[in-house]
Amino acid sequence: MYLKKGCSLLLKVHKPTVPFVLNTNPAVNPSYVNEKSDQIDETQQKTPVHESQVISRLRQEPNIVSALSYFKSIANSNAFKHTALTYQIMIDKLGQSSEIDGVQYLLQQMKLEGVSCDEDVFISVISSYRRVGLAEQALKMFYRIREFGCKPSVKIYNHILDALLSENRFGMINPIYSNMKRDGMEPNVFTYNILLKALCKNNRVDGACKLLVEMANKGCSPDVVSYTTIVSSMCKLGKVEEAWKLACRFEPIVSVYNALINGLCKERKLEEAFQLLGEMMNRGIDPNVITYSTIGYVLGGRLYEARDFWNRMIREGFMPNVVAYNTLIHGLCTSGNMDEAVYVSHQMEENGSSPNVTTYSALIDGYAKAGNLVGASETWNRMIRNRCHPNVVAYTSMVGVLCVNSMFNQAHSLIENMAMDNCPPNTVTFNTFIKGLCGCGRVEWAMEVLDQMKQHGCSPNITTYNELLDGLLQGNRLKEAFDLVKEIEERGIELNAVSYNTILHGVCRAGMKEEAFKFVGKMLVGGTKPDAVTFNMIIYAYCKQGKVKTAIELFDRFRASGEWCPDIISYTNLLWGICNWIDIEEALIYLQRCYMKGSAPTLPHGMC
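Residues numbered from 1 in each chain as written. Predicted model: local features only at pLDDT ≥ 70, side-chain atom pairs only at ≥ 80, totals over all residues. Heavy atoms only, no water.

A. Up close: the packing of helix 12 (residues 240-247) against helix 13 (residues 254-266). Where helix 12 meets helix 13, the axes come as close as 10 Å, and the angle between the chain directions of the two elements is 160°. Between helix 12 and helix 13, the crossing angle belongs to the class labelled roughly antiparallel. Like other packed secondary-structure pairs, helix 12 and helix 13 cross with a definite hand, here left-handed. Across the interface between the two elements, Val240, Ala243, Trp244 and Ala247 of helix 12 pack against Val256, Tyr257, Leu260, Gly263 and Leu264 of helix 13. (Axes fitted to C-alpha atoms, helices over the stretch in contact; angles between N-to-C directions. Helix = DSSP H or I, 4+ residues; strand = E, 2+ residues; numbered from the N terminus. Parallel < 35°, antiparallel > 145°, perpendicular 65-115°, else oblique. Left-handed = near helix turned anticlockwise from the far one by under 90°. Contact = heavy atoms within 4.5 Å.)

B. Up close: the side chain of Ser397. On the secondary structure map, Ser397 appears in helix 21 (residues 392-404). Under the relative-accessibility criterion, Ser397 is labelled buried at 7%. Setting aside anything within four residues of it in sequence, one finds Ser397 in contact with Ser361, Ile364, Asp365 and Ala368. (Buried < 20%, exposed > 50% of the residue type's maximum accessible area, 1.4 Å probe, protein only.)

C. The environment of Ser377, seen in detail. Its place among the elements puts Ser377 in helix 20 (residues 373-385). Judged by relative accessible area, Ser377 falls into the partly exposed class, the value being 24%. C-alpha separation for the pair Ser377 and Met398, spaced 21 residues apart in sequence, amounts to 7.9 Å.

D. Molecular detail of unusual backbone geometry. Of note in this structure, Arg387 is not a glycine but carries a positive phi near 55°. One can find Arg387 in the loop between helix 20 and helix 21. In this structure Arg387 comes out as exposed when scored by relative accessible area, which is 81%. Not every positive phi belongs to a glycine, and Asn422 is a case in point at roughly 60°.

E. Main features of the confidence of the model for the chain. Confidence in the prediction of the chain, expressed as mean pLDDT, is 79, and 81% of residues score 70 or more. Confidence, expressed as mean pLDDT per element, reaches its minimum in the chain at strand 1 (residues 32-33) with 38 and its maximum at helix 23 (residues 427-439) with 94. Below a pLDDT of 50 lies the segment residues 1-46, which in the model reaches 95 contacts outside its immediate sequence neighbourhood of four places, other chains included. This model gives residues 603-608 a pLDDT under 50, and the stretch forms nine contacts once residues within four places in sequence are excluded. (pLDDT = per-residue confidence, 0-100.)

F. Inspection of a negative patch on the surface at higher detail. A cluster of like negative charges, contributed by Asp206, Glu241, Glu242, Glu271 and Glu272, occupies part of the molecular surface. Along the chain, Glu272 turns up in helix 14 (residues 270-282). Judged by its relative accessible area of 36%, Glu272 is partly exposed. (Patch = residues over 30% accessible without salt bridge, like charges linked within 9 Å, V, L, I, M, F, W, Y side chains within 5 Å. Areas by Shrake-Rupley, 256 points an atom, 1.4 Å probe, with all protein chains shown as cover. Salt bridge = Lys/Arg side-chain N within 4 Å of Asp/Glu carboxyl O. Lys, Arg positive; Asp, Glu negative; His and termini not counted. Charge placed at Lys NZ, Arg CZ, Asp CG, Glu CD.)

G. Here's a closer look at the nonpolar core. Met90, Phe122, Ile230 and Val231 are the most contacted members of the largest nonpolar core, which totals 90 residues. What Ile230 contacts, discounting residues up to four positions off in sequence, is Leu196, Cys200, Val205, Ala208, Cys209, Leu212 and Leu246. Counting residues in hydrophobic clusters, the runner-up holds 88 residues, among them Met348, Leu450, Ala516 and Val548. (Core = buried A, V, L, I, M, F, W, Y, C linked by side-chain atoms within 4.5 Å.)

H. Structural detail: the packing of aromatic side chains. Within this structure, the stated rule accounts for seven aromatic pairs. Measuring from ring centre to ring centre gives 6.4 Å for Phe408 and Trp445, while their planes differ by 70°; the resulting arrangement is edge-to-face. Here Phe408, found in helix 22 (residues 408-420), pairs with Trp445, found in helix 24 (residues 443-455); they are 37 residues apart in sequence, far enough to count as distant. Judged by centre distance (5.7 Å) and plane angle (85°), the rings of Phe433 and Trp445 are edge-to-face. On the criterion of sequence distance, the pair formed by Phe433 in helix 23 and Trp445 in helix 24 is long-range, its members being 12 residues apart. (Phe/Tyr/Trp six-rings, centres within 6.5 Å; stacked < 30°, edge-to-face > 60°.)

I. Expanded view of the state of the cysteines. According to the stated counting rule, one finds zero disulfides in the structure shown. For Cys150, which is in no disulfide, the shortest distance to another cysteine sulfur is to Cys117 and amounts to 5.0 Å. The buried category is assigned to Cys150, whose relative accessible area is 5%. (Disulfide = S-S within 2.5 Å.)

J. Representation of the packing of helix 6 (residues 135-142) against helix 7 (residues 154-166). Helix 7 packs onto helix 6 with a crossing angle of 155° between their chain directions and a minimal axis gap of 9 Å. Relative to helix 7, the element helix 6 is oriented roughly antiparallel. The element helix 6 and its partner helix 7 pack so that their crossing is left-handed. Contacts from Ala135, Ala138, Leu139 and Phe142 in helix 6 reach Ile156, Tyr157, Ile160, Ala163 and Leu164 in helix 7. Its residues placed into classes, the contact of helix 6 with helix 7 shows nine nonpolar, no polar and no charged. (Nonpolar A, V, L, I, M, F, W, Y, C, P; charged D, E, K, R; others polar.)

K. Layout of the pattern of salt bridges. For the structure on display, the rule yields 13 salt bridges. Close ionic contact of Arg169 with Glu167 constitutes a salt bridge, the shortest N to O distance being 3.6 Å. Taking the relative accessible area as the measure of exposure, Arg169 reaches 26% and is therefore partly exposed. Taking relative accessible area as the criterion, Glu167 reaches 22% and is therefore assigned partly exposed. In this structure, the salt-bridge partner of Lys479 is Asp483, at a minimum N-O distance of 3.1 Å. In this pair, Lys479 and Asp483 are both assigned in helix 26 (residues 478-490), four residues apart and thus about one turn of the helix distant. Using a relative accessible area of 35% as the deciding quantity, one classes Asp483 as partly exposed. Taken together, the salt bridges that share partners define one network made up of Lys111, Arg144 and Glu147.

L. Geometry of the environment of Ser166. In this structure, Ser166 sits in helix 7. Of the residues examined, Ser166 reaches a relative accessible area of 35% and is grouped as partly exposed. Through-space distance from the C-alpha of Ser166 to that of Ala198 is 9.2 Å; in sequence the pair is 32 residues apart. Only 2.6 Å separates the side chain of Ser166 from the backbone oxygen of Ala163, close enough to count as a polar contact. (Polar contact = N/O pair within 3.5 Å; in protein donor to acceptor, adjacent residues only side chain to side chain.)

Rendered as structure tokens:
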């Protein structure tokens, strides 16, 4: 075993949440256990208590307090001396109840009684720590393993490595693996699979592939888990072709095909996904609901293909579950196919799968985005009739559709009802309401909602302030907008590109060129990355002011850095400025660049 100097191996034993005291001194008179009671019955002395009886009783007792009461009654008598196995069962039960102090106490008690802690007991201890997210404590205990009469084994090392992996303690995994090899233990396929998962979770797929080669070289054949781990990670990173080449080296299972199909669908390579699905079925591997849900989600926006695919799924005997239905419904709603989405939701009920709050939320959100109050209201009422309690997503979507239809009083009442309905509004809910109010010029009310938002314990974010800034600037309330900017900065919230674009648009519209340049400078100095809209406004502002050389310098610098790709508006604004303030020859140079990009400049509105 290896440990750095100065690292403490002492384990602090706390008082257990479930109190108990174990008496290690044998009783003077032997007594026996009445199995119908948690206590020792001294009147019944016919048969001694055997280990199998104690094990059976502990395993069958669902209540941790009762199990512990029985355990200590045995321990505090001479009826039975606990063994490594009875200790292990009790440690397991305490660990499952997150009674870690109790686990530590029993381990110490084993040491005091001289009961050897075998491999299975120690694994139970490690599992208890893992369950409550104390992998580091498990590691400290591991370094004391010999104190408890137990020796490290490959199985114990695997459990320690897995506990560290569960908490993403990647930096600790390699040293433990090195310890394992120095202890003369050969890693098995489970060890390698844990290491492969660690590398893949850390996006080190190349390292995982090298480890796969090391496995084979050491005579430890990779199994399906090994390959599936790497294939899935490659697909998540967009390396679908490499993943498929790797999958061809072994007999793929349904999870591997699902990962590949998911990767292809994300890249919108639907034909390849269908081909892979066909190959999967030809090889006798049945697709599962995840396979169909993956393709169904992508096809949500392609109505006819989605319908054909869905019917094919049902014909082949794969009855979709709620998750699969919701996946398709969400895709249809996102693409605006609301009639088809509602049809699928009714088909879902006919097939015995009750729509849940996710189903209804997707439908309401789809109607909200279309501004369809009738459809959203009917879906809401259907949800309530079916005794499905709305969640914050459903409420927020309803607030949105009410705002789109200028029904602000009803939207406000709905928000007030949320708290009473045990579903408090969140920041997104308030942002939706504020956006609706500002869009209709109800800025005063929106500012009041900002205060209500704070009272509800919801912190405004940059989206909240951007909506309010837009509302104030649309109403030419510049002083209030600037005061709000100060409030944003005082709260430690950074302005983003949307914030600057909103401000620049407002001050430019008001003819406040100096203020516009001040915010441009602030933006560039502050490190906020401008987007295409910002760049075009900056170019336009400098050209309008006559500072064309500055505009050209910024244009060339940002284009060369790769941070921004000029579009037709960029070239049009710059050409107009050059023609008006410099000369036609300079303009022709940029005009040539513009045509090389395949764009044709036009005279912008208001620049005549």
